[in-house]
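# Observations on chain architecture
Here's the letter readout for the chains.
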Amino acid sequence: MGKGGQDYSRSEDLGASKEPKGDCYAAWSKDVRECEEKYQVSREYGLSGDDVEKRRQIYGFNELEKHEGPSIFRLILDQFNDTLVRILLVAAVVSFVLAWYDGEEGGEMEITAFVEPLVIFLILIVNAIVGVWQENNAEKALDALKEIQSEHAIVIRDGRKISNLPAKELVPGDIVELRVGDKIPADMRVLSLISSTLRVEQGSLTGESEAVSKTTKAVAEDVDIQGKKCMVFAGTTVVNGNCICLVTQTGMNTEIGKVHSQIHEASQGDDDTPLKKKLNEFGEVLTAIIGVICTLVWLINVKYFLTWEFVDGWPRNFKFSFEKCTYYFEIAVALAVAAIPEGLPAVITTCLALGTRKMAAKNALVRKLPSVETLGCTTVICSDKTGTLTTNQMAVAKLVAMGSKPTVVRSFNVQGTTYDPFDGKIQNWPEGELDCNLQTIAKIAAICNDADVEKAGHDKSGHYVANGMPTEAALKVLVEKMGLPNELSSGSSSGYDGVLRCSYTWNKLEQRIATLEFDRDRKSMGVIVNSYTGKKSLLVKGAVETLLERSSFVQLLDGSITELDQSLREVILESLHEMSTSALRVLGFAYRDELPEFATYNGDEDHPAHELLLNPANYSSIESNLVFVGLAGLRDPPRKEVPQAIEDCRTAGIRVMVITGDNKNTAEAICRDIGVFGRHENISSRSLTGKEFMELSSRDKETHLNQSGGLLFSRAEPRHKQDIVRLLKDSGEVVAMTGDGVNDAPALKLADIGIAMGIAGTEVAKEASDMVLADDNFSTIVAAVGEGRSIYNNMKAFIRYMISSNIGEVASIFLTAALGIPEGLIPVQLLWVNLVTDGPPATALGFNPPDKDIMKKPPRRSDDSLISPWILFRYLVIGSYVGLATVGIFIIWYTRSSFLGIDLTGDGHSLVTYSELANWGQCQTWQNFSASPFTAGNQVITFDNPCDYFQTGKIKAMTLSLSVLVAIEMFNSLNALSEDGSLLSMPPWVNPWLLLAMSVSFGLHFLILYVPFLAQIFGIVPLSLNEWLLVLAVAFPVILIDEVLKFVGRCTSGIRTSRARRSSKAKAE
């Protein structure tokens, strides 16, 4: 043995060293001896120490790569890669420089000037912190993937067995022993089976709903991952049997390593959400508008700070006033502050956070805030089948027992979709009056069975879970639903506090003394039992065809035995065919009473019959001359609520595509059950395997995916799922992808919104997702989509509200500059309005009740405009009125003694003409101009220089302008309750939160008006009752104007909709 190992060692350089790193040798298509020769190893000796070192130089350690994420500094810089943020940053820097300049000059407004840049900087810092925190969590999916790797392995090296070798030290060519319960440490070729069978649970990697039997036989080279029956894969688990394997791939070259690479690749291409794209577009438009308006203001006012004379036709004698230049520069900064909705990021975050709370109440846990809004425009849901549309719990769906005559069988439909014995009943069942045939079926299902079912949780209050093979657990649940015959039901399970009382009773009556383990050749499992009468029996369950081959008799309803002839065999096979075509996995039940070799056997190893049991080759002869009793059809059943959820998706215009690793027949049957396909619909063009789809041309792939209605992709591998999602996104669809396994993680990461299962989902899937379903329920997604649509509508309402307010502020400052009157609103006041006063109503608009028909409308297009041309026109009209009102009240206070019958002379201020107000900069040249002191609350405003009346004296007029702006924006929030609905049809009290928010905003405004310290910072003074009446009189018409515009909007909505459709169609073409 040692010599053989040394020979292999000497020829090392001929093979492994020539193997390029990552090259894939198709070990599954080669026989065992070829594989050993390729990797230059013998299973008895293993690799030598030198071999291991040489191979490690080539292949590295058996571990997944750690991808370095972007540095914190890079992440911080990325937060400023946003148009709105950059405008704010420039405005803050300029404001700070101007505040510093004012301070150097000893200006009185020093505190006020510094508040503005500091607040803007604070907004930017908070925004950056939140952004960095969110992005820093992006690589968590890769860390979770590493946790499912095995830590240790049993390896043969230098002819010795090393029982606890760290798994990361494995190299291709290592010989590894696997046992029940082991987590597989690398991708390996099965060399030999130590037990009669080997089963591996690989559903999390491949999507298969059952544990897979493994073999040593080679398969075709071009099979998919599910077809590689002689390979075991890293990260999966051995559930039955022991074997010897040869390591073929390690680290990043394993199947799980490929998933790791795909997750990393998908995370690099994270797209912006539809809302973020629209806000970025809006920011770019806003930048252009601000630039134009600022330039315009500069040009209008250039005559005030730059003058010249024409001499001989040429401009000469230039005069430049730096003080006035700075003043108009400050106006330009005020314009920028006015135009940017500073509170918008905070309000959007608040609205999305409120949305996540609503969704959490519906069992949808949102991990990434923007995905709330993305849900609203989802057009395609790509769903995994196993565990999402189905329960991922095997359940018996049909039981076929023998009838009273040889050619008659009885069929019972079994309800229930989980391991809960009380979930559903057996239809038309003879409760408590089980005939002999049904009792025999129950006895075999209960005793010839190694599984158990229990309640999860320390206090046994959770859901029901299976221990052991899912099919066997389903049979135990069937036994509970069958119940016990009346003569056994009383007191037979006293002292037992578990879930499976009936199975416990049958096992108490019939003691198991030997087990004939399942193997893939005879496809059955048997147990020898000793009944309470002392009689020995053999109970067998397994594949129906093989049981029929070894059966000679059939038990009828009354317990009598009849010979199994050809006609009876055909009746049973017809039932088998009927169940198989419904994608049920069918198991048969049989027994044998005559066991002469085991008549005195009681499990003693010295008994002659024990020798027969040690050799599995004898099991087929022991399991012969059987009496066939019935059969059961099992499946991974669809969840009860899924069919209605699929119908809701259809109504909402959302297509459902099922992408599963399971086989085609099973998947098609489930899709018919849940309504993705019709019961008798021809689905040949709608159902493809992943491999068949990938073989299509690019155009055919696109045509296939663009079909209306549901689609099915079976036998899909992780890369197939990714390609499908990528193609859908390229064609303009907004894709939600659901999944629970490791194999789903790359597609979850790539989709617009990845949705993982909370109960059955792996940590890898959860970390790669945007949303986790706490109840693993597909219908929860549909409810979440409705919530997402409602949130988006509400966000549109407050975005329109805030933008219309900003248009009003811009109009106000532009009019001020254009008319040449003193500045009516200073930047710190605008900042206060944008951030604080507008904030509560905008947030409250997020609580608008959803439309009743929200899930009966098709999904909005992701490129639909946030603000349509008509809405923009409406808010330009409203904004113009806001500008006129704020500037108008400023002019009224200076020039009128009364307005609309409201007396304004109570404070004793001096009146001037409009001409004097518009040319206030020339005040020093006026003769006999004087300004009287006036009162503001408890203060008396006096002037050393009469011309100060237009500077420090404008404090009352500024307060009126600010108060009108606040009042108009409060009334405007009522207009935003509905896009086109009148306040008569949607009164303010439909959203009581909005009324509360308006009260809060007015309260905050009163706070800065009537608290002296705050009033000084904001440059305002208290107002009298008459002045408040003037404010309300000027502000209220905004409601009437918007009501007229809404009425016009309702009258012309049909015309605008048809135009939009034509435009959208033209774009698509």
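Fair warning: this is a prediction, and the values are worked out from it, not measured in the lab.

## Re the confidence of the model for the chain
Predicted coordinates in regions of low pLDDT should not be interpreted in detail. For the chain, mean pLDDT is 81; residues scoring 70 or higher make up 86% of the total. Taken as a whole, residues 1-22 scores under 50 in pLDDT and shows 33 contacts with residues more than four places along the chain or in a different chain. Ignoring residues within four places in sequence, the model shows residues 1064-1069, a span with pLDDT below 50, making one contact including any to other chains.

## Here's the deal with helix α27 (residues 698-705)
Residues that lie three or four places apart on an α-helix share one face, since the helix turns once every 3.6 residues. Turning to α27, its buried residues number three or more, namely K701, H704 and L705. Down the axis of α27, the sector holding all buried residues measures 90°, keeping them to one side. The exposed set on the far side of α27, more than 90 degrees from its buried face, consists of R699 and T703. On its buried side, α27 packs onto β25 (655-659), β26 (687-689), α26 (690-694), β27 (711-714) and α28 (718-730).

## Some points on the environment of F320
Turning to its location among the elements, F320 is positioned in strand β11 (residues 314-320). As a C-alpha pair, F320 and Y304 span 16 residues in sequence and 8.9 Å in three-dimensional space. Ignoring sequence-local partners within four residues, the contact set of F320 consists of F305, L306 and C325.

## Brief notes about the sheet that holds strand β8 (residues 237-240)
One open sheet holds the three strands; their spatial order is β6-β5-β8, and the pairing between them is antiparallel. The strands lining the two open edges of the sheet, one partner per strand, are β6 (212-213) and β8. Here strand β5 (residues 199-201) runs beside β8; their pairing, made up of three bridges, is antiparallel. Note that in β8 the partner of R199 across the bridge is N240.

## Observations regarding the packing of helix α24 (residues 642-651) against helix α31 (residues 778-819)
Relative orientation of the contacting elements α24 and α31 amounts to 30°, with a least axis distance of 8 Å. What the angle tells us is that α24 and α31 run roughly parallel. Where α24 crosses over α31, the handedness of that crossing is left-handed. Side by side, α24 and α31 meet where V642, A645, I646, D648 and C649 of the first sit next to F778, S779 and V782 of the second. Along the lines of polarity and charge, the residues of the contact of α24 with α31 split into six nonpolar, one polar and one charged.

## Description of the packing of aromatic side chains
Counting across every chain of the model gives 21 aromatic pairs. Summarising the aromatic geometry, the rings of W893 and Y894 are spaced 5.2 Å apart at their centres and angled 85° between planes, so their arrangement reads as edge-to-face. We classify W893 as buried; its relative accessible area is 1%. Owing to a relative accessible area of 0%, Y894 belongs among the buried residues under this scheme. An aromatic cluster is present here, built from F890, W893, Y894, W926, F929, F934, F943, Y949 and F950 joined pairwise through their rings. Cation over ring: K228 sits above W28, and NZ or CZ is 3.8 Å from the ring centre.

## What to know about the state of the cysteines
Among covalent bonds in proteins, the disulfide is the one between the sulfur atoms of two cysteines. This model, assessed by the stated rule, comprises one disulfide. Each disulfide pairs two cysteine sulfurs, and for C923 the partner residue is C947, the sulfurs being separated by 1.9 Å. When the S-S torsion is -90°, as for the bridge of C923 with C947, the disulfide is left-handed. Taken as a pair, C923 in the loop between α35 (914-918) and β33 (934-936) and C947 in the loop between β34 (939-941) and α36 (955-975) lie far apart in primary sequence, 24 residues in all. On the basis of relative accessible area, C923 is assigned to the buried category, the value being 4%. For C947, a relative accessible area of 11% gives the class buried. Looking at the unpaired C35, the closest cysteine sulfur is the one in C230, lying at 7.4 Å. For C35, a relative accessible area of 0% puts it in the buried group.

## Focus on the pairing of strand β24 (residues 626-635)
The side chains of a regular strand alternate between the sheet's two faces. Burial analysis of β24 places nine of its ten residues in the buried class, the great majority of the element. Inspection of the sheet shows strand β14 (residues 395-402) paired to β24 by six bridges, in the antiparallel sense. Opposite A401, over in β24, you have G630 as the bridge partner. In terms of strand pairing, strand β23 (residues 585-592) meets β24 through seven bridges, oriented antiparallel. Within β24, the position partnered with L587 by the bridge is A632.

## Focus: the sheet that holds strand β4 (residues 187-193)
Pairing is antiparallel across the open sheet formed by six strands, whose spatial order is β2-β1-β3-β9-β4-β7. What marks the edges here is a single partner per strand, and that holds for β2 (160-166) and β7 (231-232). Pairing between β4 and β7: two bridges, direction antiparallel. By the bridge assignment for β7, M188 is matched with V232.

## Description of the packing of α31 against α36
Orientation of α31 relative to α36, taken along the N-to-C sense of each, is 150°, at an axis distance of 10 Å. Our classification of the angle between α31 and α36 gives roughly antiparallel. As α31 packs across α36, the resulting crossing turns out to be right-handed. Across the interface between the two elements, Y801, S804, S805 and E809 from α31 touch L965, E969, M970, N972 and S973 from α36. When grouped by side-chain class, the residues that make up the contact of α31 with α36 number three nonpolar, four polar and two charged.

## Structural notes on the UniProt feature "transmembrane region" (unreviewed entry) in the chain
UniProt marks residues 83-101, 113-133, 285-306, 326-354, 798-821, 872-894, 993-1022 and 1028-1049 with the feature "transmembrane region" (unreviewed entry), using the numbering shown here. In residues 285-306, helix accounts for 95% and strand for 5%; the two terminal C-alpha atoms are 31 Å from one another. Within residues 798-821, the helical portion is 92% and the strand portion 0%, while the C-alpha atoms at the span's ends are 32 Å from each other.

## Description of the nonpolar core
In summary, soluble globular proteins display a tendency toward joint burial of nonpolar side chains. Counting 129 residues, the largest nonpolar core has F778, Y894 and Y949 as its most contacted members. The contacts of Y894, once residues within four sequence positions are left out, are S910, L911, V912, L917, Y949, F950, G953, K954 and A957. Counting 53 residues, the second-largest nonpolar core is a separate cluster that includes Y25, V41, C382 and M737.

Analysis parameters
- Residues numbered from 1 in each chain as written.
- Predicted model: local features only at pLDDT ≥ 70, side-chain atom pairs only at ≥ 80, totals over all residues.
- Heavy atoms only, no water.
- pLDDT = per-residue confidence, 0-100.
- Contact = heavy atoms within 4.5 Å.
- Buried < 20%, exposed > 50% of the residue type's maximum accessible area, 1.4 Å probe, protein only.
- Helix = DSSP H or I, 4+ residues; strand = E, 2+ residues; numbered from the N terminus.
- Arc of directions from axis to C-beta.
- Pairing = 2+ DSSP bridges.
- Axes fitted to C-alpha atoms, helices over the stretch in contact; angles between N-to-C directions.
- Parallel < 35°, antiparallel > 145°, perpendicular 65-115°, else oblique.
- Left-handed = near helix turned anticlockwise from the far one by under 90°.
- Nonpolar A, V, L, I, M, F, W, Y, C, P; charged D, E, K, R; others polar.
- Phe/Tyr/Trp six-rings, centres within 6.5 Å; stacked < 30°, edge-to-face > 60°.
- Lys NZ or Arg CZ within 6 Å of the ring centre and 35° of its normal.
- Disulfide = S-S within 2.5 Å.
- UniProt positions renumbered as here; feature names shortened; annotations may be inferred.
- Core = buried A, V, L, I, M, F, W, Y, C linked by side-chain atoms within 4.5 Å.

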